[in-house]
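Structural characterization, general
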Amino acid sequence: MDLKKPYELHLIFSDLVRLSQRLLRFGVPSVAAINGHCMAGGLILAVACDYRVMVNNNANVAMTEIKRGMILPMQGSVVLKVKLPPTTYRDLLLTGGNYTPEQAKEM
């Protein structure tokens with residue numbers, strides 16, 4: 001898969017959106033077990049879960065799309081807006097964030 005081709009990126013984002021929508025509607029509580037850096041689409045999936053557990057104190061949480069000047073897919077933005085406090089959502093979308101596990105816990 002060549003990630004420089006817009007169509008192939010679209011396919012990845014489509015799958016990400018479908019999975020995050022399923023997690024949001026899941027009938028039982030869902031848990032994201034994070035054992036390392038949680039970036040971009042991985043962060044959207046983790047936020048879509050009801051609970052998040054991060055066990056690596058050296059890992060970071062960020063939206064790398066923002067830091068690279070990419071446009072975040074609208075559906076990914078909606079997941080973050082629904083699940084995060086308004087100020088965290090705003091800061092994450094404006095800066096791309098770079099949170100430690102302790103900072104991410106406050107999200």
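What comes next is a walk through the structure.

The subject of this paragraph is helix α4 (residues 74-83). Within the span of α4, buried status applies to Gly-76, Ser-77, Val-79 and Leu-80. Down the axis of α4, the buried side of the element spans an arc of 155°, and every buried residue falls inside it. Of the exposed residues in α4, the ones pointing more than 90 degrees away from its buried face are Met-74, Lys-81 and Val-82.

It is worth spelling out the layout of surface pockets at this point. As a volume, the largest pocket reaches approximately 280 Å³. Around the largest pocket, the lining residues are Ile-34, Leu-43, Val-47, Tyr-51, Arg-52, Val-53, Met-54, Val-61, Pro-101, Ala-104, Lys-105 and Met-107. Sorting the residues of the lining of the largest pocket by element identifies α2 (41-48), β3 (51-54) and α6 (101-105) as the ones contributing at least two each. Per element, the largest residue contribution to the lining of the largest pocket is 4 residues, and it comes from β3. Split by residue class, the lining of the largest pocket holds 10 nonpolar, no polar and 2 charged.

The next thing to look at is the environment of Leu-94. Of note, Leu-94 is situated in helix α5 (residues 86-95). Relative accessible area serves as the criterion here: at 65%, Leu-94 is assigned to the exposed category.

The two faces of a sheet get side chains in turn, since along a regular strand they alternate between them. Only one face of strand β1 (residues 31-34) is buried, namely the one carrying Ala-32 and Ile-34, since none of Val-31 and Ala-33 on the opposite face is buried. Across 4 bridges, the pairing between β1 and β3 is parallel. Across the sheet, the residue bridging to Ala-32 is Arg-52, located in β3.

Turning our eyes to something else, we now look at the side chain of Glu-65. Along the chain, the position of Glu-65 falls in helix α3 (residues 64-67). Of the buried charged residues, Glu-65 lacks a salt bridge, with Arg-68 as the closest side chain of opposite charge at 8.5 Å. Sequence-distant contacts of Glu-65, defined by excluding residues within four places in its chain, comprise Phe-13, Ala-40, Gly-41, Met-70 and Leu-72.

Conventions adopted
- Numbers given to residues run from 1 along each chain, matching the order in which its sequence is written.
- Totals for whole chains, interfaces and linings use every residue, but because this is a predicted model, local features are given only for residues with pLDDT of at least 70 and side-chain atom pairs only at 80 or more, for both listing and counting.
- Only hydrogens and water are set aside when side-chain values are computed; all heavy atoms of the structure are taken into account.
- For every residue, the accessible area obtained with a 1.4 Å probe (protein chains only) is divided by the maximum for its type, and the residue is called buried under 20%, exposed over 50%, and partly exposed between those limits.
- To qualify as a helix, a DSSP run of H or I must reach at least 4 residues; to qualify as a strand, a run of E must reach at least 2; elements of each kind are numbered from the N terminus.
- By construction, the arc corresponds to the directions joining the helix axis to the C-beta atoms.
- Space inside and on the surface of the protein is sampled on a 1 Å grid over the protein atoms alone, with a cavity defined as a set of points where a 1.4 Å probe fits but cannot get out and a pocket as an open set with protein on both sides within 12 Å along at least 5 of 7 lines; lining residues have an atom within 4 Å of a point.
- Grid points are joined across faces, edges and corners, and a volume is the space filled by probe spheres set on the points.
- Each residue is assigned to one of three groups, with Ala, Val, Leu, Ile, Met, Phe, Trp, Tyr, Cys and Pro labelled nonpolar, Asp, Glu, Lys and Arg labelled charged, and all others, Gly among them, labelled polar.
- Paired strands, in this sense, are two strands between which DSSP finds at least two bridges.
- When charges are counted, Lys and Arg are positive and Asp and Glu negative, with His and the chain ends excluded.
- Every case where a carboxyl oxygen of Asp or Glu lies within 4 Å of a side-chain nitrogen of Lys or Arg is listed as a salt bridge.
- Whether two residues are in contact is decided by their heavy atoms, any of which lying within 4.5 Å being enough.

These figures come from the coordinates and say nothing about function on their own.
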